[in-house]
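# Secondary and tertiary structure notes
One-letter residues, chain by chain:
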Amino acid sequence: MIDIRLTMEEKQHALAKLRSIKEQFAARHWFPGTSGNLSVRTGNIEEGPFQFAITASGKDKSVHTPEDFLFVDEDGQPCEATRLQPSAETLIHSEIYRLTGAGAIFHIHTVFNNIVSEIYGDEGYIPVQGVELIKALDIWEENGRIDIPVVPNYAHIPSIVPCITAKLNPDIPGIVLRNHIFPEAAAEVLL
């Protein structure tokens, strides 16, 4: 299907944002091998169907190519004829966009998040208390606390979706998959 809803400028803007974010995260070594993925939503969810640009499957995020990203519809299907495949986790991106209206989703892999997710995985959340940076989430009380959800990770991606959607919290822009990080970021922060 040919995409006629997005202008060339809208597409270029989304792709420029993804390239910039990809460079920053790759420099931090958050994409070992071909892991992880990034997406940016285009259009207004309240106005009807939406699309998003997402990293293509199997690509090394530390290398730039003309085939790094593709546009998909709200069901995760390519909007244009392409031989590229969207990321394996595209279904998760679709559902988070649908439920939250987020502007971008970042799926990264770090050693530290994997260790922390294993330590707190049985509890179902990672407690974060007294950390200065939670003020960015508009939590200003002394010794404030948030609980970052930890959900199980399954090889069968559709099995992860209900675990994530059950734990989505608009006050905490992230979810940790046990041994597999998947933070989500809101539109206001990125766009």
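Residues numbered from 1 in each chain as written. Predicted model: local features only at pLDDT ≥ 70, side-chain atom pairs only at ≥ 80, totals over all residues. Heavy atoms only, no water.

On to the overall build of the chain, then. Summing up its helical and strand segments, the chain has five helices and eight strands in all. Secondary structure elements of the chain, listed N to C terminal, follow the sequence α-β-β-β-α-β-α-β-β-α-β-β-α. Here the C-alpha radius of gyration of the chain, 17 Å, is about what a compact globule of 191 residues would show, namely 16 Å. Overall, the chain is about 50 × 35 × 30 Å in size when its C-alpha atoms are taken along their principal axes. When contacts within the chain are restricted to residue pairs at least 6 apart in sequence, those whose partners lie at least 24 apart make up 62%. When the accessible surface of the chain is totalled, it reaches about 10,300 Å², and 56% of it is carbon and sulfur. Of the charged side chains in the chain, 15 are positive and 26 negative, and the gap between their average positions amounts to 5 Å. (Helix = DSSP H or I, 4+ residues; strand = E, 2+ residues; numbered from the N terminus. Rg over C-alpha atoms; globule rule 2.2 N^0.38 Å. Contact = heavy atoms within 4.5 Å. Areas by Shrake-Rupley, 256 points an atom, 1.4 Å probe, with all protein chains shown as cover. Lys, Arg positive; Asp, Glu negative; His and termini not counted. Charge placed at Lys NZ, Arg CZ, Asp CG, Glu CD.)

Looking now at unusual backbone geometry. Of all residues except glycine, most have a negative phi; of all peptide bonds, most are trans. Backbone geometry at His-29 places phi at a positive 65°, although glycine is not the residue there. With respect to the secondary-structure elements, His-29 resides in the loop between α1 (8-27) and β1 (37-42). According to the relative accessible area criterion, His-29 is exposed, its value standing at 67%. (Buried < 20%, exposed > 50% of the residue type's maximum accessible area, 1.4 Å probe, protein only.)

Below, the discussion takes up the packing of aromatic side chains. Within the structure shown, the criterion is met by six aromatic pairs. A ring pair is formed by Phe-25 and Trp-30, whose centres lie 5.0 Å apart and whose planes are at 45°; its orientation type is tilted. The exposure class of Phe-25 is buried, given its relative accessible area of 10%. A residue is classified by how much of its surface remains accessible, and Trp-30, at 23% relative accessible area, is partly exposed. Ring centres of Phe-25 and Phe-106 lie 5.2 Å apart, and the angle between their planes is 85°; on these two criteria the pair is classed as edge-to-face. One end of the pair, Phe-25, is in helix α1; the other, Phe-106, is in strand β4 (residues 104-107), with 81 residues separating them in the sequence. Just as Phe-25 is buried, Phe-106 falls in that class too. A connected cluster of aromatic rings, assembled from ring pairs, spans Phe-25, Trp-30, Phe-31 and Phe-106. Between Lys-11 and the ring centre of Phe-71, over which it is positioned, the NZ or CZ distance is 5.7 Å. Stacked on the ring of Phe-31, the Lys or Arg Lys-61 has its end atom at 5.9 Å from the ring centre. (Phe/Tyr/Trp six-rings, centres within 6.5 Å; stacked < 30°, edge-to-face > 60°. Lys NZ or Arg CZ within 6 Å of the ring centre and 35° of its normal.)

Looking now at the environment of Ser-57. With respect to the helices, strands and loops of the structure, Ser-57 is situated in the loop between β2 (51-55) and β3 (69-73). On the accessibility criterion, Ser-57 (38% relative accessible area) is partly exposed. A C-alpha to C-alpha distance of 21 Å links Ser-57 and Ile-164, two positions 107 residues apart in sequence.

Right, let's get into the UniProt feature "binding site: Zn(2+)" (unreviewed entry) in the chain. In the numbering used here, UniProt assigns the "binding site: Zn(2+)" (unreviewed entry) feature to His-107 and His-109. Along the chain, His-107 turns up in strand β4. We classify His-107 as buried; its relative accessible area is 1%. Tracing the chain through its elements places His-109 in the loop between β4 and α3 (111-120). What makes His-109 buried here is its relative accessible area of 13%. (UniProt positions renumbered as here; feature names shortened; annotations may be inferred.)

With that out of the way, let us pick up the pattern of salt bridges. Across all of its chains, the model carries 10 salt bridges by this definition. As a salt-bridge pair, Lys-135 and Glu-132 come within 2.9 Å of each other at their nearest N and O atoms. Note on Lys-135: relative accessible area 31%, which makes it partly exposed. Three or more residues joined by partner-sharing salt bridges are found here, namely Lys-59, Glu-67 and Arg-83. (Salt bridge = Lys/Arg side-chain N within 4 Å of Asp/Glu carboxyl O.)

Here the focus is the nonpolar core. Among the nonpolar cores identified, the biggest contains 19 residues, and Phe-52, Leu-70, Ile-92, Tyr-97, Ile-160 and Ile-164 are the most heavily contacted of them. In terms of residue count, helix α4 (residues 157-167) provides more of this core than any other element does, four residues in total. (Core = buried A, V, L, I, M, F, W, Y, C linked by side-chain atoms within 4.5 Å.)

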